[in-house]
Each structure stands twice: as C-alpha cells, then as structure tokens.
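Architecture at a glance
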Amino acid sequence: MQFFGSAEISPSPPVPTTSGNNAHMMYVFNRNGVCLLYREWNRPLRTLNAQQDHKLMFGLLFSLKSLTAKMDPTSAERGNLGVPQLPGQGCSFHSFRTNTYKLSFMESPSGLKLILITHPRTGDLRQSLKYIYNLYVEYVVKNPLYTPGAPIRCELFNTSLDQYVRSIA
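Along each chain, residue indices are assigned from 1 in the same order as the chain's sequence is written. Whole-chain, interface and lining totals are the exception, using all residues; otherwise, since this is a predicted model, local features are given only for residues with pLDDT of at least 70 and side-chain atom pairs are given and counted only at 80 or more. As a rule here, side-chain values cover all heavy atoms of the structure and leave hydrogens and water aside.

Taken across its six residues, strand S5 (residues 113-118) has six buried, putting it largely inside the fold. Each residue is placed in one exposure class: buried if its accessible area under a 1.4 Å probe, protein chains only, is under 20% of its type's maximum, exposed if it is over 50%, and partly exposed if it falls in between. Only DSSP runs of H or I with at least four residues qualify as helices, and only runs of E with at least two residues qualify as strands; both kinds are numbered from the N terminus onward. Alternating residues of S5 divide into Lys-113, Ile-115 and Ile-117 and Leu-114, Leu-116 and Thr-118, and every residue in both groups is buried. Hairpin connection from strand S4 (residues 102-107) to S5: five residues lie between these consecutive antiparallel strands, with Gly-111 at a positive phi of about 95 degrees. Strand pairing requires that DSSP identify at least two bridges connecting the strands.

Written as structure tokens, this is what we have:
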C-alpha cells in the first residue's frame, strides 16, 4: 500500500541526509493535540515536565500553522486552522532552524502531526518523515490491537523507528 506517493516500506527508505546520530527527539500528535508518542535519543537537558513540554510543542505548531496561513500571499482565504491540509494544498511550513536545533514537521491528511528535532545542520527530512508516517501506518494503524487515539505502544514500530532515525539524522 502506498501513502504520499512513496513505495512500500521495506525496499528503499530515503537516503540519510547526514551521518551519525543527530536526532534529539520526536513527537507524534493527533489532530486534537494529544501526544501519542514521544521519543528521546539525544536530549542532554530537560527543563520542563513531559506534559508542559507536549503542550508547548503543540502550541508552537499551532502558532506556526496560523502564521503561515495568514502570511500566504497566494490565497484570499486566511486558512481554516481546524482542518488539516493535504500535501501541496495551501501554505505550510516544513522546518525551521535555530543555532542549536532543527525542527522538521509533517502533517498527514488525517491530522496526525510528526515532529522530529535534530542537529541544526541536518538536511531536508520531508521524505524521512513520510517514511516514518508509512511505518506508523504499517505497524500501528494496521495493528488490530491498537485503539486509535491511544498512546503508541507497539514494540515493532518503536524498534523500526529507532533504527531508522538513528540512520537518518
């Protein structure tokens, strides 16, 4: 099965953009802002508790989506913030970079939000996020034991995600 026009999962994941393990953390939110998955690989400093951290990240995404919708010079409409947009539809952001990290973002047509925080020199991760989304579909959505909207606790997904993220970032 194909999602976002990419091939099956196993044969060919996207080529890594840099070498080494530069991934810091990953968030997966549903359309209601519930954090379904949070993973850390290389986060030396924790300043907030988990719940505050998740709220802050979702608020940041909401604000950036609002800003990009309102700043879109090609659209007379100013964006409906509650409705996820299909890939290529409307104005959206894919990433931003600071001097200490890079945030890469993808939203699926169902409203699932994937956020990957990496080293600031990491390249474009759009294809990698699509691949991770395909992992999610194969190992979580198609799992008959998974309840939609529940935290993701699928070992096969977590193992595949860890292996893939360590190879890309």
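A pair of Phe, Tyr and Trp rings is counted when the ring centres sit within 6.5 Å of each other, with Trp represented by its six-membered ring. The angle between the planes then sorts it: under 30 degrees is stacked, over 60 is edge-to-face, the rest tilted. On inspection of all chains with the given rule, the structure shows eight aromatic pairs. Aromatic side chains Tyr-131 and Tyr-164 sit 4.4 Å apart centroid to centroid with 45 degrees between the ring planes, which places their arrangement in the tilted category. Placement of Tyr-131 in helix H2 (residues 126-141) and of Tyr-164 in helix H3 (residues 155-168) is noted, with a sequence separation of 33 residues between them. Tyr-164 matches Tyr-131 in its accessibility class, with the two residues each being buried. Grouped by ring-pair contacts, the aromatic residues Tyr-27, Phe-29, Tyr-38 and Phe-58 constitute a single cluster.

Next up on the list: the sheet that holds strand S2 (residues 35-40). Two modes of strand pairing occur in sheets, parallel and antiparallel, and in both the strands are linked by backbone hydrogen bonds. On the basis of which strands lie adjacent, the open sheet formed by five strands has the order S2-S1-S5-S4-S3 and antiparallel pairing. Sheet topology places S2 and strand S3 (95-97) at the edges, where each strand pairs with a single neighbour. Strand-to-strand, the axes of this sheet are offset by a mean angle of 10 degrees, without reference to chain direction. In this sheet, S4 lies alongside S3 in antiparallel orientation, the contact comprising three bridges. Looking at S4, one finds that Ser-95 is bridged to Ser-104. Sheet contacts for helix H1 (residues 50-71): strand S1 (23-29), S2, S3, S4 and S5; angle to S1, the most-contacted strand, approximately 75 degrees. Between the N-to-C directions of two axes lies an angle of 0 to 180 degrees, each axis being a line fitted to C-alpha atoms and, for a helix, fitted only over the stretch in contact. Should any heavy atoms of two residues lie within 4.5 Å, those residues are counted as being in contact.

This part is about the packing of H2 against H3. With their axes 9 Å apart at the nearest point, H2 and H3 run at an angle of 165 degrees to one another. Accordingly, the angle class assigned to the pair H2 and H3 is roughly antiparallel. Crossing handedness for the pair H2 and H3: right-handed. Contacts between H2 and H3 involve Ser-128, Tyr-131, Ile-132, Leu-135, Tyr-136, Tyr-139 and Val-140 from the former and Leu-156, Phe-157, Ser-160, Leu-161, Tyr-164, Val-165 and Ile-168 from the latter. Throughout this entry, Asp, Glu, Lys and Arg are counted as charged residues, while Ala, Val, Leu, Ile, Met, Phe, Trp, Tyr, Cys and Pro are counted as nonpolar. The remaining residues, Gly among them, count as polar. Grouping the constituent residues of the contact of H2 with H3 by class yields twelve nonpolar, two polar and no charged. Oblique is the label for any angle not covered by the other classes, which are roughly parallel (under 35 degrees), roughly antiparallel (over 145) and roughly perpendicular (65 to 115). Crossing handedness is read from the near helix: turned anticlockwise from the far helix by less than a right angle, it gives a left-handed crossing, and turned clockwise, a right-handed one.

Any functional reading would require information that these geometric values do not contain.
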